[in-house]
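# Remarks on the overall topology
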Amino acid sequence: MTRRLPLSKLHISKRLQWARNHMSYDDKWMAVLFSDERKWNLDGPDGNIKYWHDLLKEPSSFFSRQSGGGSVMVCAAFGFNGKVDLVFLDGRQNSTKYIEILENHLMPFVENIGGGI
């Protein structure tokens with residue numbers, strides 16, 4: 001597996017320009033919060049066609065249960081002053097549940113931005 005993302009020269013140039021434009025962001029970074037959600041299937045790959053395995057050993061076989069193995073969805077965030085604890089989401093997500101996650105986990109963290117934790 002390659003150790004880097006297959007970025008085009010255009011992607012590299014745009015990322016570098018973005019970084020240069022934000023080098024002087026100084027204290028404004030204290031008000032920035034990065035968040036993301038991710039779903040993992042508990043029984044086999046999640047649609048990924050690439051995976052890591054030791055070339056010196058026989059590849060492991062993959063199987064899936066007839067009814068599936070379930071999945072877990074996790075939400076997390078971090079900023080200048082720290083991180084939000086992982087949030088494990090129950091069931092299928094919709095806009096109401098997403099707003100609830102933001103209100104209960106993200107907003108209390110946001111209130112501390114800039115003030116120190």
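In this report, we go over the structure that sits alongside the text. Small disclaimer: the values here were computed from a predicted structure and weren't measured.

### Things to note about unusual backbone geometry
Its identity is not glycine, yet Asp26 carries a phi of approximately 45°, on the positive side. Mapped onto the elements of the fold, Asp26 is located in the loop between α1 (9–21) and β1 (33–41). Overall, the relative accessible area of 57% leaves Asp26 in the exposed class.

### Details of the packing of aromatic side chains
Taken as a whole, this structure holds three aromatic pairs when the rule is applied. Centre to centre, the rings of Trp18 and Trp29 are 6.1 Å apart; their planes meet at 65°, and the pair counts as edge-to-face. A residue pair is termed long-range when its members are at least 10 positions apart, and Trp18 in helix α1 and Trp29 in the loop between α1 and β1 qualify at 11 residues. A residue is classified by how much of its surface remains accessible, and Trp18, at 47% relative accessible area, is partly exposed.

### Regarding empty space enclosed by the protein
All told, the structure shown has one cavity of 30 Å³ or more when counted by the stated rule. Volume-wise, the largest cavity comes out at about 70 Å³. Lining the largest cavity are Ser35, Glu37, Cys75, Ala76, Ala77, Val84, Val87, Tyr98, Ile101, Leu102, His105 and Leu106. Among the secondary structure elements, those contributing two or more residues to the lining of the largest cavity are β1, β2 (71–79), β3 (82–89) and α2 (95–110). It is α2 that provides the largest number of residues to the lining of the largest cavity, a total of five residues.

### Examining the sheet that holds β1
Strand order in the open sheet made by the three strands is β1-β2-β3, with antiparallel pairing throughout. At either margin of the open sheet sits one strand with a lone partner, and together these are β1 and β3. Strand-to-strand twist in this sheet, taken as the mean axis angle between neighbours without regard to direction, amounts to 15°. Where β2 meets β3, six bridges bridge the pair, whose relative direction is antiparallel. Directly across from Cys75, in β3, lies its bridge partner Val87. α2 rests against β1, β2 and β3 of the sheet, and its axis sits at about 160° to β3.

### Section: α2
Helical periodicity: at 3.6 residues per turn, an α-helix aligns residues three or four positions apart in one direction. The largest bend in α2 comes to about 35°, at Glu103. Burial in α2 covers these residues: Ile101, Leu106 and Phe109. N-cap assignment for α2: the residue whose side-chain oxygen lies 3.1 Å from the backbone N of Thr96 is Asn94.

### Focus: the environment of Trp40
Turning to its location among the elements, Trp40 is positioned in strand β1. Take Trp40: its relative accessible area is 41%, and that puts it in the partly exposed class. C-alpha separation for the pair Trp40 and Met73, spaced 33 residues apart in sequence, amounts to 6.3 Å.

The rules we used
- The residue numbers shown here count from 1 along each chain, following its written sequence.
- Since the coordinates come from a predicted model, pLDDT governs what is reported: local features require at least 70, and pairs of side-chain atoms require 80 or more to be given and counted, while whole-chain, interface and lining totals use all residues.
- Heavy atoms throughout the structure, all of them, feed into the side-chain values; hydrogens and water do not.
- Strands are runs of DSSP state E lasting at least 2 residues, helices are runs of H or I lasting at least 4, and numbering of each runs from the N terminus.
- Accessibility here uses a 1.4 Å probe with only protein chains present; expressed as a share of the type maximum, an area under 20% marks a residue as buried, one over 50% as exposed, and anything in between as partly exposed.
- In summary, the pairing rule links any two rings of Phe, Tyr or Trp, Trp by its six-membered ring, whose centres are within 6.5 Å, and it sorts them by plane angle into stacked for under 30 degrees, edge-to-face for over 60 and tilted for everything else.
- Here a cavity denotes a set of grid points, spaced 1 Å apart and computed over the protein atoms alone, in which a 1.4 Å probe fits but from which it cannot get out, and a pocket denotes an open set meeting protein on both sides within 12 Å along at least five of seven lines; residues with an atom within 4 Å of a point are reported as lining.
- Grid points are joined across faces, edges and corners, and a volume is the space filled by probe spheres set on the points.
- Strand pairing is defined by DSSP finding a minimum of two bridges between the two strands.
- Helix axes are fitted only over the stretch in contact, all axes being lines through C-alpha atoms; the angle between N-to-C directions runs from 0 to 180 degrees.
- In this analysis, two residues are considered to be in contact whenever any of their non-hydrogen atoms come within 4.5 Å of each other.
- Fitting axes to the seven residues ending at a residue and to the seven starting there, one defines the bend at that residue as the angle between these axes.
- Definition of a polar contact: a pair of N or O atoms within 3.5 Å, with one able to donate and the other able to accept a hydrogen when the atoms are protein atoms, and with sequence-neighbouring residues admitted only if both atoms are side-chain atoms.

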